[in-house]
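Here are the chains, one letter per residue:
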Amino acid sequence: MSLHTTVALLVCTVIVIIGVLTGAAAGFLARLDGASYPTVITRAIAAFTATLTLAIIAATQLVRLA
């Protein structure tokens, strides 16, 4: 495994962890706002998906640098 691959995997792992935390925070804040559970889940999934999109972009850029 090359150094670039290791860095790309590490960056993706960190971003996925941040994505899970972002999704949980979005759901928590939506629930505090009085949203229903389906709305909470939708907002959490949207935040998590946006963060995963960031991970894909970051990984693509790191692989292109190799």
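Further up the page is the structure itself.
A quick note: this is a predicted structure, and the numbers were derived from the prediction, not measured. Every chain is numbered independently, its residues counted from 1 as its sequence is written. Per-residue local features are limited, in this predicted model, to residues with pLDDT of at least 70; the limit for side-chain atom pairs, both in listing and counting, is 80 or more; totals at the level of whole chains, interfaces and linings are taken over all residues. Heavy atoms from the whole structure form the basis of all side-chain values; hydrogens and water molecules are not counted.

**Looking at the overall build of the chain**
Basically, it comes down to this: In DSSP terms, a helix is any run of H or I states spanning at least four residues, a strand is any run of E spanning at least two, and both are numbered starting from the N terminus. It is over C-alpha atoms that the radius of gyration is taken, and the globule rule equals 2.2 Å times the number of residues to the power 0.38. Think of it in three bands: with a 1.4 Å probe and only protein chains considered, a residue is buried below 20% of the maximum accessible area for its type, exposed above 50%, and partly exposed in between. Contacts are residue-level and defined by heavy atoms, with any inter-residue pair within 4.5 Å sufficient. Computed with a 1.4 Å probe, the accessible areas rest on the Shrake-Rupley method; for each residue, only the protein chains presented here act as cover.
Helix and strand content of the chain: two helices and zero strands. The globule rule puts the C-alpha radius of gyration for 66 residues at 11 Å, and the 15 Å found for the chain is more than 25% above it. Taken over the C-alpha atoms alone, the chain extends approximately 50 × 15 × 10 Å along its principal axes. A total of 66 residues make up the chain; the buried ones form 20% of that total. Sequence-distant contacts, at least 24 apart, represent 62% of the contacts inside the chain between residues at least 6 apart. Summed over its atoms, the accessible surface of the chain is roughly 4700 Å², and 77% of this surface lies on carbon and sulfur atoms.

**What about the packing of helix α1 (residues 3-32) against helix α2 (residues 37-65)?**
Quick reminder of the rule: Geometry is summarised by axes, namely lines fitted to C-alpha atoms with helices restricted to the contacting stretch, and by angles between N-to-C directions that run from 0 to 180 degrees. Convention used here: angles under 35 degrees read as roughly parallel, angles over 145 as roughly antiparallel, angles from 65 to 115 as roughly perpendicular, and any remaining angle as oblique. By definition, any crossing whose near helix is turned counterclockwise from its far helix by less than a right angle is left-handed, and any crossing with a clockwise turn is right-handed. When residues are grouped by polarity, Ala, Val, Leu, Ile, Met, Phe, Trp, Tyr, Cys and Pro land in nonpolar, Asp, Glu, Lys and Arg in charged, and all others, Gly among them, in polar.
With their axes 8 Å apart at the nearest point, α1 and α2 run at an angle of 160 degrees to one another. Between α1 and α2, the crossing angle belongs to the class labelled roughly antiparallel. You can see that α1 and α2 cross each other, and the crossing is right-handed. For the contact of α1 with α2, the class distribution of residues is 21 nonpolar, five polar and two charged.

**Overview of the environment of Leu32**
On the secondary structure map, Leu32 appears in helix α1. Relative accessible area serves as the criterion here: at 59%, Leu32 is assigned to the exposed category. A sequence separation of 14 residues divides Leu32 from Ile18, and the C-alpha atoms of the two residues are 21 Å apart.

**Comments concerning the side chain of Thr51**
Structurally, Thr51 is set in helix α2. Leaving out residues up to four positions away in the same chain, Thr51 has contacts with Ile15, Ile18, Gly19 and Thr22.

**Quick word on α1**
As a reminder of what qualifies: Expected span, for any helix, means 1.5 Å times one less than how many residues it has.
The end-to-end C-alpha distance of α1, which contains 30 residues, comes to 43 Å, matching closely the 44 Å that a straight helix rising 1.5 Å per residue would cover. Next to the buried residues of α1 lie α2. Where α1 ends, the next residue or the one after it, Gly34, has phi of about 95 degrees, a positive value.

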